[in-house]
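# Tertiary structure, described
Below, each chain spelled out in residue letters.
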Amino acid sequence: MRVFNFAAGPATMPLEVLEQARDELIDWHGSGMSVMEISHRSKAFLAAAGEAEIRLRELLTVPRGYRVLFLQGGATGQFAAVPMNLAPAQASADYLNTGAWSKRAISEAQRFVKVNVAADEAPSKYTTVPAPGALRLSTGAAYVHYTANETIGGVEFPYVPDSAAVPLVADMSSNILSRPVPVEKFGVIYAGAQKNIGPAGLVLVIVRDDLLDRARPGTPAVWNYEAMAAEDSMLNTPPTFALYVAGLIFKWLQQQGGLPVVAALNEAKAQLLYGAIDGSDLYRNPVAPACRSRMNVPFTLVKSELEHAFLAEARAAGLVNLEGHRLVGGMRASLYNAMPLAGVEALVSFMRDFERRHG
Ligand SMILES: *Cc1c(COP(=O)(O)O)cnc(C)c1O
C-alpha cells in the first residue's frame, strides 16, 4: 500500500514513473538487460541521457549559451565546486545567509574564498529573506550565492536577487522545477536530485558558457564544469540509473503540462496547508508570509506535548515522514511536485480532526 510521503529528501516520486521503471527494469527497451547493466556509452543509453537533457531544457526553457551538466557529489559537492570553478584563490564571494543550507554553503566556501555575508537573516531566526534593496554586495566579488529555498527553515525567495553584472549562483535543490525560473538571470543553478528531480546520486548543474573557463588549478576533473561539459557529463561513469529515472520524471512533468501547470498546483497545495495552519489554534508556522516555502512547510504544535501523538496518528492514517528536521524538531510537510493535491487534502483533514480531538 502506498502512503502519502511528506519526506524532505529523498522524497516521494510519481507512481506512474515508479511503475514504468518497474515494468522495464528487467528488459529495458528490448535489450534483454536492465538500464543498470548497460554501458553509459552505448547508443541506447546516450539517447536516453540526451533526451533527458532536452526535456529538462524544454521544461526550464534553458537559453542557448548554457550547459546542462549531470554530476555527482550532491549539492554539498557543489558547495565546494562553485568556488573552485568560479573564483581564483584569494578572491571573495558574496553569500546571502537565510538558514541552515546557506550556512553549510558558506562554511564550505570559506575553505576556498573570502566570504562576504551580504545579507544575514539570523536576527529574524531565519524566518525572512532580505528585502531586494537590502543586499550589501561587495565590489570585486567573483559571484553572489543564495539558497533559493531553505528546505529546513521553510523559507523561499519570492524574487530573484539582482547581482548586477556579477554571476548569480543559486542552490535550487529543493525548489527546482517547481515553477518557471528566468534562467538567463543566473550564472550557475545547481540542485541535488533527491527532492524534485529523482533518485539520490545525481546533481544538476546549469552553467553559463562564459563561466566555463575559470576553474582554479587543482579543481578535480569530476567537478570541473569545463571538463565535464567537454565530455557531456561523461568524463567518467555517470549514475546511470538515477539519470534514467530523472529522464522519466522530466517526461512526466511535461505530461502534466509543464512548469506553469505544476506551479499552479504547487501554489494550491501550499495555500491549502498554510490556510489550515493559520486558521487553527493548535498549529503554527513562524515564517513571514511573503517568503513561505511552497515546497517545505515546517509547523509546530502549540501543545508541543502532543507532537508524539500527532506523528503516530498521522502515520497510522498513511501520512508519513512528517517529523521536522533533526536540527529544529517540530513537524515538516514537504510538498514537492510528486505530492498530489489529494495528499495535502488528506493531511489537512487529519490535522483538523486531530485538533478537534486533542485541541
Ligand atoms: C538537500 C539539500 C542540500 C544537500 O544536498 P546533498 O545532495 O545531500 O548534498 C543542499 N541544499 C539544499 C537547499 C538542500 O535542500
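Residues numbered from 1 in each chain as written. Predicted model: local features only at pLDDT ≥ 70, side-chain atom pairs only at ≥ 80, totals over all residues. Heavy atoms only, no water.

## Some thoughts on the site of the ligand
- Close to the ligand lie 13 residues, the nearest being Thr76, Thr151, Asp171, Gln194 and Lys195.
- Here Thr151 contributes a side-chain N or O atom positioned 2.4 Å from an oxygen atom of the ligand.
- The side chain of Lys195 places a nitrogen or oxygen atom 2.7 Å from an oxygen atom of the ligand.
- Within the complex, 86% of the 390 Å² of free accessible area of the ligand lies under protein.
- Here the element with the most residues in the shell around the ligand is helix α3 (residues 74–86); it accounts for four residues.
- Here the shell around the ligand is built from residues that sort into three nonpolar, eight polar and two charged. (Near = heavy atom within 4 Å. Polar contact = N/O pair within 3.5 Å; in protein donor to acceptor, adjacent residues only side chain to side chain. Areas by Shrake-Rupley, 256 points an atom, 1.4 Å probe, with all protein chains shown as cover. Helix = DSSP H or I, 4+ residues; strand = E, 2+ residues; numbered from the N terminus. Nonpolar A, V, L, I, M, F, W, Y, C, P; charged D, E, K, R; others polar.)

## Quick word on the side chain of Asn337
- Tracing the chain through its elements places Asn337 in the loop between β14 (331–334) and α9 (341–358).
- A polar contact of 2.9 Å, which involves the side chain of Asn337, links it to the backbone oxygen of Leu177.
- Within polar-contact distance, the side chain of Asn337 engages the side chain of Asn266 at 2.9 Å.
- Each residue touching Asn337, except ones within four places of it in the same chain, is listed here: Leu177, Ser178, Asn196, Trp252, Leu253, Val262, Asn266 and Lys269. (Contact = heavy atoms within 4.5 Å.)

## Considerations on the packing of α3 against helix α4 (residues 100–109)
- Running from N to C, α3 and α4 cross one another at 45°; their axes reach a closest spacing of 9 Å. Regarding the angle of α3 to α4, the classification is oblique. Handedness of the crossing formed by α3 with α4: right-handed. For the pair formed by α3 and α4, the contact residues are Thr76, Phe79, Ala80 and Pro83 on the first element and Trp101, Arg104, Ala105, Glu108 and Ala109 on the second.
- Taken together, the residues of the contact of α3 with α4 break down into six nonpolar, one polar and two charged. (Axes fitted to C-alpha atoms, helices over the stretch in contact; angles between N-to-C directions. Parallel < 35°, antiparallel > 145°, perpendicular 65-115°, else oblique. Left-handed = near helix turned anticlockwise from the far one by under 90°.)

## Points about helix α8 (residues 307–316)
- Listed in full, the buried residues belonging to α8 are Phe310, Leu311 and Ala314. Across the axial projection of α8, the buried residues extend over an arc of 90°, all falling on one side. Those residues of α8 that are exposed and angled more than 90 degrees off the buried face are His308 and Ala316.
- Against the buried residues of α8 lie β11 (283–284), β12 (296–301), β13 (319–320), β14 and α9. (Buried < 20%, exposed > 50% of the residue type's maximum accessible area, 1.4 Å probe, protein only. Arc of directions from axis to C-beta.)

## Notes on the sheet that holds strand β2 (residues 66–71)
- Pairing is mixed in the open sheet, where seven strands are placed in the order β2-β10-β9-β8-β5-β3-β4. Only two strands of the sheet have a single partner each, and these edge strands are β2 and β4 (114–120). Neighbour-to-neighbour, the strand axes of the sheet open up by a mean angle of 20°, direction not taken into account.
- In this sheet, strand β5 (residues 141–147) lies alongside strand β3 (residues 92–97) in parallel orientation, the contact comprising three bridges. The partner of Asp94 across the bridge, within β5, is Val144.
- In the packing of helix α2 (residues 43–60) onto the sheet, contacts are made with β2 and β10 (203–208), and the angle to β2 comes to roughly 125°. (Pairing = 2+ DSSP bridges.)

## Describing the domain arrangement of the protein
- For the protein, the assigned domains are domain 1 (24–255) and domain 2 (257–358).
- Summarising the inter-unit geometry, the C-alpha centres of domain 1 and domain 2 are found 27 Å apart.
- At the junction of the two partners, domain 1 supplies 25 residues and domain 2 supplies 26 residues.
- With both sides pooled, the region where domain 1 packs onto domain 2 buries about 2000 Å², and carbon together with sulfur makes up 57% of that total.
- Summed over the shared surface of domain 1 and domain 2, the number is one salt bridge.
- Connecting domain 1 to domain 2 are 15 residue pairs in polar contact (both at pLDDT 80 or more).
- At the level of elements, α2, β7 (155–156) and α6 (240–256) are the ones that each hand at least two residues to the side of domain 1 that touches domain 2.
- Top contributing element to the side of domain 1 that touches domain 2 by residue count: α6, with four residues.
- For the side of domain 1 that touches domain 2, a count of residues per class yields 10 nonpolar, 12 polar and three charged. (Domains from an automatic or database assignment. Buried area = accessible area lost by both parts, 1.4 Å probe. Salt bridge = Lys/Arg side-chain N within 4 Å of Asp/Glu carboxyl O.)

## Topic: the packing of α8 against α9
- One can describe the packing of α8 onto α9 by two numbers: an axis separation of 11 Å at closest approach and a directional angle of 135°. Comparing their axes, α9 and α8 come out oblique. For the element pair α8 and α9, the recorded crossing hand is right-handed. Across the interface between the two elements, Ala309, Phe310, Glu313 and Ala314 of α8 pack against Phe350, Met351, Phe354, Arg357 and His358 of α9.
- Taken together, the residues of the contact of α8 with α9 break down into six nonpolar, one polar and two charged.

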